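A structural walkthrough
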There are 2 protein chains.
Amino acid sequence: MAKITFQYENGDTVESFASAGESLLDVAKKSNVPIDAPCSGNGSCGKCRVKLLSGELDSKMTRHITEEEYAAGWRLSCCSSVTGDVTVEVPDIASAYKSRMKVADLSSKEEIAIFEQAKAGVEGAGIEMKNNLEVIDVVMDPPTLDDTMPDNERLVWKIREVTGVQKVRLPFSVIKDLAANLRESNFNCKCVIRKTANDIFVYDVLPGDQEARIGGLAIDIGTTTVSAILLDLKTGEILGKGSAGNGQIRYGADVINRIIESQKPGGKRNLQKAIIDETLNPMIDEICRSAKFPSSKIYRMSIASNTTMNHLLLGVDANSVRMEPYIPTFFKTNSVFAQDLGINVHPAAHILLAPNIGSYVGGDITAGALVSMIWNRPEYSLFIDLGTNGELVFGNEDFLMSCACSAGPAFEGGDISCGMRATDGAIEAVAIDKDTMEPTLSIIGDEGQKPVGLCGSGIIDMISELFVTGIINAKGKFQREGERIRHDKYGMGSYVIAFEKDAGGTKDIEITEVDIDNFIRAKGAIFSAIRTMLASLDFTVDMIDDVYVAGGIGSGINMKNAVTIGMFPDIPLEKFHYIGNSSLTGAYCMLLSTPAERKLYEVAANMTYMELSTVPTYMDEFVACCFIPHTDSQIFPSVQLR
Amino acid sequence: MAKITFQYENGDTVESFASAGESLLDVAKKSNVPIDAPCSGNGSCGKCRVKLLSGELDSKMTRHITEEEYAAGWRLSCCSSVTGDVTVEVPDIASAYKSRMKVADLSSKEEIAIFEQAKAGVEGAGIEMKNNLEVIDVVMDPPTLDDTMPDNERLVWKIREVTGVQKVRLPFSVIKDLAANLRESNFNCKCVIRKTANDIFVYDVLPGDQEARIGGLAIDIGTTTVSAILLDLKTGEILGKGSAGNGQIRYGADVINRIIESQKPGGKRNLQKAIIDETLNPMIDEICRSAKFPSSKIYRMSIASNTTMNHLLLGVDANSVRMEPYIPTFFKTNSVFAQDLGINVHPAAHILLAPNIGSYVGGDITAGALVSMIWNRPEYSLFIDLGTNGELVFGNEDFLMSCACSAGPAFEGGDISCGMRATDGAIEAVAIDKDTMEPTLSIIGDEGQKPVGLCGSGIIDMISELFVTGIINAKGKFQREGERIRHDKYGMGSYVIAFEKDAGGTKDIEITEVDIDNFIRAKGAIFSAIRTMLASLDFTVDMIDDVYVAGGIGSGINMKNAVTIGMFPDIPLEKFHYIGNSSLTGAYCMLLSTPAERKLYEVAANMTYMELSTVPTYMDEFVACCFIPHTDSQIFPSVQLR
């Protein structure tokens, strides 16, 4: 066995052992070392770079590594096999994808506002914000020699009296400790219950003189990022909020690669562990710790995620999601409880899953559609969720149609050589001077933060600016020359966004024609999906009344630039609304309100799913969209005018 | 730490480590070495003998060990503390209590007859032998691109169609593997379901071309012995049967000592482990192996046991069962599933617990009362279950009253120096020649089996014979002399049942005045309970029409002798009926038939519980019964006549 040492830029190391011939990327995966590999290790994305510090690897040459870089020790880990002991450096740009936990500052009003707004929207449709969890006081007469009713019957009788509901269910978890719990409180207790018209379910029996709290957790499981908020379900107050990278990222950047990994031996379990043990549970602990709230008092969870994510979360085989005829195990299921998955909240906590409506339109979209409120308006609205997949819903109060397109991870910074998630060091906005070609960058982070890479909104700006300044043409090829423009020996052009001296990393930050091409294909996938779906309904883009944009791309998205590059339809800018992470705000409303939960099932049931890959014209549309803004510039009159 | 070596008579050893000062009995307990300690280690029963082979112990002298025995190395383990490395021999008479597994030979008709008889009795009352578990064929159209219903909905729709029931519940365990299970069988499958008028619960989805079996397990958990039978719930056929000692025995012989042990740190878990991990699961494995039946196909279990046993089984605090006002956590609960307890059958198997009706009248008695059929007859019948506790039910189709008395383990061979369970080597019947005082023994086991000790029925015979031959008087004191009669230096008499040369052990088998006294108190407890309960109803013993005797005492019980010693009322012998282990046959009927299960709840609900300890005259009755047959010999006219 060879000893493999992974060294992070901050000096931390992880040691592992491997056999000769093993792929270095596989070794990193099994050692939980986060190396970004959006293509899942087939050598096409070029992101899994590491730098040899000592020892040797058997590495293939690749177009992603120049000769100078190779000489300096740079290798692609997916194209390198182990030959003996070796130490490699794992760059921070890779670890930007790692499961980094962030607990939000709730004193910031912005963090809260988006939830208040979603709630107000749903309430505006007459949907009450109430749920069926409550705390009741149950004060019994203690037993005597003349009153020898057993504990469980004594409790059930009193709960019937207090609630007026006849059928009371005491699960085994309550029975187990009932004797001690009743006696410690001298038969004066509080019960946390779920109350419906037909029955009462008892979660906990607690001392009557203590405050009983009811926590709830809403979670958005994105392919790349996971976010959660902790609520007090009695008051609706938001107690905590956090986010982290999805720990499954090392098994591939997109759902297809994850499903493929899940089919390997132990794969389903590995992917489930990555999301539950490595992502959700640590995040729940962290949020609860920062909110000083015991996780065992979380009695309900709601989860919104795409179809693949919720299948992998449950440890359910997702292969049939990927294989024709693309059949998930479930759209909707009410059978999952925290203890089934080993999630660290109350074991009997019910997990509400936002319903899927197809293999590629999942609970994240139905939850998002709920809070977009497009189902409640006469106007024709388009809801777009820009995630690793792009999903669309179009319609109004009479109908809803949805489809998904594979945009790839470009909107979250994947598939772009200098791309990154919208975290510290990410360039979120760019302007370029037409004459000097010098850029002005807006960078996430504290004052003085150096740029590290481009996040989604920064890429949109960058490509739009390169185009309007004439630096690149409609095909994304470089057509001007200057200090910041370079061409490699194959003639491939690039633009230097920040020179090494100004950048936060160890080399120049550049955007290449390959990156631009990747992004054009991503935005082309979105726009062609919009056109195709609308066409199937005999609509054209100019008939859209409103566009609701959701997703982790960030509130910094410049709608004008997005229209300029041909990603969004060319309609008046005031018709665009950025509604943030609507998957999470939808899960939040579902958790908080049982009527909202029911409405969500109803909205999902009324949504028609359109499988784009079966529409013959989609490919033609897509090819026509792989230009800036489009081969048919008449579709973008305002861009043409400029 | 000192090294403690326990050596069995067959040469097997168990090694353990202990600190100086630890009680040897406690070391044996934590090392799972079965040393019989019915008194739970307070020095009163004298059964926890071991023999020093090497090393020393700090041992108290006790009346249970003679000076010769002490010199030969005999010690009571509860009265001995560790001082250093030591090796002790653990006699087989102690290991007779050990969790010895026995799988019954079902080719023997006797083994089956008792179940057939119980079933026929219940059926005779118009109770149908049918349950709600069944296997249905579910043949679906496989999905296509035009028929993309998800797997769970596809299955639910078809089950609705097949069964006509609208509400179908697919638990998470079914959802988890649904994709693979449906595809492996090409959507042609069998489902194991529970079907009620309101809903269907799906246990398993299996390939359509394989046979689907439905196993059920009925268990009697006695304080001393555990028995179980495995059924095919589709046909009612008995597939296997087994019994074993209750692994909790090392925590005390009776329920009170077990409850006390359960209150020590980790005690609840230890007692639960002893019954589940050390007794039930190995027994289930063994029965299933011998029946060639997969334990995962056991979809339902029924358990009959006394109130303490079912509380300890569930890991529920039993202390309030023992402490005034004697309140159990439950009489009846439907909330327990195999996975809650870690029992190795199908995780979703429902565990039907025969209902308790008081702290000391539990599910073993209600189940037994069901199959005694006394609730279905106009005649006044007495049902007696002779276990570690003695329980009685008296009544007819109009009323039922029950009570419990603490008889101690004497009927199962406990508290008797030469006592043992009714296994190989046990003397089950005895006759003594009036003139020669020579005994004739009937021994359980193969031809040539040497006697090891007395089981319950043997003790009854022995005391009756000693009494009618005038060897002992009505107080149980020896009054004749002879080769087999001995007196120790304190004047305590004993009778040698078998000399060492004829015995299966290493010393003479003797019954002493202390043993006789213990047994007289046990039989006195039973008879005084009968008299007290009947008196409270203004009945006398001669008004009893029939007596149904149940319990592990064995079909060998000689009713005439039992009457002679004043254990049972003096009524015509043809009115006595031995009905075997009615706790197990009751559990069997409950498992097999949902109407029988309902009837059992009804019988239990109609049973009045009488707490004997609160009846002022009970103690006087008891004292009067501590003679052979009774201080008032007119109560036993037939004995008086002889």
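Data block above holds the structure.
Residues numbered from 1 in each chain as written. Chains lettered and ligands numbered in written order. Predicted model: local features only at pLDDT ≥ 70, side-chain atom pairs only at ≥ 80, totals over all residues. Heavy atoms only, no water.

For chain A, the helix and strand inventory stands at 20 helices and 27 strands. Taking the principal axes of the C-alpha coordinates as reference, chain A spans close to 95 × 65 × 50 Å. A burial count over chain A gives 60% of its 642 residues as buried. Expressed as a percentage of contacts within chain A between residues at least 6 apart in sequence, the contacts between residues at least 24 apart total 67%. Total accessible area computed for chain A in this model is approximately 24500 Å², and 47% of it derives from carbon and sulfur atoms. Charged side chains in chain A number 60 positive and 85 negative. The centres of these two groups are separated by 3 Å. (Helix = DSSP H or I, 4+ residues; strand = E, 2+ residues; numbered from the N terminus. Buried < 20%, exposed > 50% of the residue type's maximum accessible area, 1.4 Å probe, protein only. Contact = heavy atoms within 4.5 Å. Areas by Shrake-Rupley, 256 points an atom, 1.4 Å probe, with all protein chains shown as cover. Lys, Arg positive; Asp, Glu negative; His and termini not counted. Charge placed at Lys NZ, Arg CZ, Asp CG, Glu CD.)

What follows concerns the interface of chain B and chain A. Frequently, the measure chosen for interface size is the accessible area removed from exposure when the parts meet. At the interface, 40 residues of chain B touch 39 residues of chain A. For the pair chain B and chain A, the summed buried area comes to about 3000 Å², and 63% of that belongs to carbon and sulfur atoms. At the junction of chain B with chain A, the criterion picks out zero salt bridges. Looking at the side of chain B that touches chain A, the elements with two or more residues in it are helix H5 (151-163), helix H6 (172-176), helix H7 (178-184), helix H9 (267-291) and helix H12 (338-341) of chain B. (Buried area = accessible area lost by both parts, 1.4 Å probe. Salt bridge = Lys/Arg side-chain N within 4 Å of Asp/Glu carboxyl O.)

Ranked by internal contacts, the top residues of the largest apolar core, which has 115 residues, are Leu155, Cys191 and Val202 of chain A together with Ile343 of chain B. Looking at this core, the element that brings in the most residues is H9 of chain B, giving nine residues. If sequence neighbours within four positions are ignored, Ile343 of chain B has contacts with Ile276, Leu280, Asn281, Ile284, Met301, Ala338 and Ile351 of chain B. Grouped together as the second largest cluster of nonpolar side chains are 114 residues, Leu280, Val371 and Val603 of chain A together with Leu170 of chain B included. (Core = buried A, V, L, I, M, F, W, Y, C linked by side-chain atoms within 4.5 Å.)

Residues and elements named next belong to chain A. Of all seven residues that make up strand E11 (residues 215-221), seven are buried, and the element is covered over most of its length. Neither face of E11 is exposed, since Gly215, Leu217, Ile219 and Ile221 on one face and Gly216, Ala218 and Asp220 on the opposite face are all buried. In this sheet, strand E12 (residues 225-232) lies alongside E11 in antiparallel orientation, the contact comprising seven bridges. Within E12, the position partnered with Gly215 by the bridge is Asp232. Connecting the antiparallel pair E11 and E12 is a turn made up of three residues. Here E11 runs beside strand E14 (residues 298-305); their pairing, made up of seven bridges, is parallel. What sits directly across from Gly215, in E14, is Ile298. (Pairing = 2+ DSSP bridges.)

Let us now look at the relation of the copies chain B and chain A. Overlaying chain B with chain A gives an RMSD of 0.2 Å, the required rotation being 180° about an axis along which the chain moves by 0.1 Å. These values place the two chain copies in the arrangement generated by a two-fold rotation axis. Considering only C-alpha atoms, the part of chain B nearest the rotation axis is Gln339 of chain B, at 5.7 Å. Same-surface contact between copies: 98% of interface residues of chain B are shared with the interface of chain A. (Least-squares fit on C-alpha atoms with pLDDT ≥ 70 in both.)

Residues and elements named next belong to chain A. If you trace the three strands from one edge of the open sheet to the other, you get E20-E19-E21, paired in mixed fashion. Every other strand in the sheet has two partners, leaving strand E20 (439-443) and strand E21 (453-454) as the edge strands with one partner each. Contacting strand E19 (426-432) and E21, helix H14 (residues 456-468) runs over the sheet at an angle of about 15° to E19. (Axes fitted to C-alpha atoms, helices over the stretch in contact; angles between N-to-C directions.)

Per the counting criterion, the structure on display carries 24 aromatic pairs over all chains. Ring centres of Phe399 of chain A and Phe539 of chain A lie 6.4 Å apart, and the angle between their planes is 45°; this geometry places the pair in the tilted category. Within this pair, whereas Phe399 of chain A is found in the loop between strand E17 (390-395) and strand E18 (400-405), its partner Phe539 of chain A is found in the loop between helix H15 (513-536) and strand E25 (546-550), the two being separated by 140 residues in sequence. The exposure class of Phe399 of chain A is partly exposed, given its relative accessible area of 24%. Between Arg75 of chain B and the ring centre of Tyr70 of chain B, over which it is positioned, the NZ or CZ distance is 3.6 Å. (Phe/Tyr/Trp six-rings, centres within 6.5 Å; stacked < 30°, edge-to-face > 60°. Lys NZ or Arg CZ within 6 Å of the ring centre and 35° of its normal.)

Topologically, Gln272 of chain B is positioned in helix H9. Along the sequence, Gln272 of chain B and Glu111 of chain B sit 161 residues apart, while their C-alpha atoms lie 29 Å from each other. Excluding residues within four positions of it along the chain, Gln272 of chain B makes contact with Lys176 of chain A together with Asp277, Leu312, Leu313, Leu314, Gly315 and Leu341 of chain B. Side-chain polar atoms of Gln272 of chain B contact the backbone oxygen of Leu313 of chain B, separated by 3.0 Å. (Polar contact = N/O pair within 3.5 Å; in protein donor to acceptor, adjacent residues only side chain to side chain.)

Take the pattern of salt bridges next. Summed over the entire model, instances satisfying the criterion amount to 50 salt bridges over all chains. Across the pair Arg531 of chain A and Glu621 of chain A runs a salt bridge whose closest N-O atoms are separated by 3.4 Å. Linking Arg531 of chain A in helix H15 with Glu621 of chain A in helix H19 (residues 618-625), this pair joins segments that are 90 residues apart in sequence. With relative accessibility at 26%, the residue Arg531 of chain A sits in the partly exposed group. Judged by its relative accessible area of 18%, Glu621 of chain A is buried. Close ionic contact of Glu602 of chain B with Lys599 of chain B constitutes a salt bridge, the shortest N to O distance being 2.9 Å. Of the two residues, Glu602 of chain B and Lys599 of chain B are both situated in helix H18 (residues 594-605); the distance of three residues between them amounts to about one turn of the helix.

Residue and element names in this part refer to chain B. Taken in spatial order, the four strands line up as E7-E9-E10-E8 in an open sheet, and their pairing is mixed. A strand with exactly one partner marks an edge of an open sheet, and here the two such strands are strand E7 (133-139) and strand E8 (167-169). Averaged over neighbouring strand pairs, the angle between their axes works out to 40° when direction is ignored. The sheet contact formed by E8 and strand E10 (residues 199-207) spans three bridges and is parallel.

This next bit is on unusual backbone geometry. With the exception of glycine, most residues fall at negative phi, and the peptide bonds are largely trans. Cis geometry is found at the peptide bond from Glu324 of chain A to Pro325 of chain A, where omega equals 5°. Mapping Pro325 of chain A onto the fold places it in the loop between helix H11 (319-322) and helix H12 (338-341). The omega angle of the peptide bond from Ile628 of chain A to Pro629 of chain A is -10°, so this bond is cis rather than trans. Looking at the element boundaries, Pro629 of chain A is found in the loop between H19 and helix H20 (637-641). Residues other than glycine seldom take positive phi values, yet Tyr326 of chain A does so here, at roughly 60°. Of note, Tyr326 of chain A is situated in the loop between H11 and H12. Residue Asp538 of chain B is not a glycine yet carries a positive backbone phi of 60°. Judged by its relative accessible area of 70%, Asp538 of chain B falls in the exposed class.

As a further point, take H15 of chain A. Residues and elements named next belong to chain A. Its 24 residues place the ends of H15 33 Å apart at the C-alpha level, agreeing with the 34 Å of an ideal helix rising 1.5 Å per residue. Within H15, 18 of the 24 residues are buried, which leaves it mostly tucked inside the rest of the structure. With its phi angle positive at about 60°, Asp538 sits one or two positions after the end of H15. (Expected span 1.5 Å × (residues − 1).)

This brings us to the environment of Phe568 of chain B. On the secondary structure map, Phe568 of chain B appears in the loop between helix H16 (559-564) and strand E26 (576-580). Every residue in contact with Phe568 of chain B, bar those within four places of it in the chain, is listed here: Ile384, Leu386, Phe527, Val549, Ile557, Met559, Ala562, Val563, Phe576 and Phe636 of chain B.

Let us now look at the state of the cysteines. Residues and elements named next belong to chain B. Under the definition given, this model contains zero disulfides over all chains. Of all cysteine sulfurs in the structure, the one in Cys79 sits closest to Cys78, which takes part in no disulfide; the separation is 3.6 Å. Unpaired in terms of disulfides, Cys191 finds its nearest cysteine sulfur in Cys189, a separation of 4.3 Å. When its relative accessible area of 0% is taken as the criterion, Cys191 is described as buried. (Disulfide = S-S within 2.5 Å.)

Another aspect to go through is the side chain of Asp515 of chain A. Along the chain, Asp515 of chain A turns up in helix H15. Within polar-contact distance, the side chain of Asp515 of chain A engages the side chain of Ser417 of chain A at 2.6 Å.

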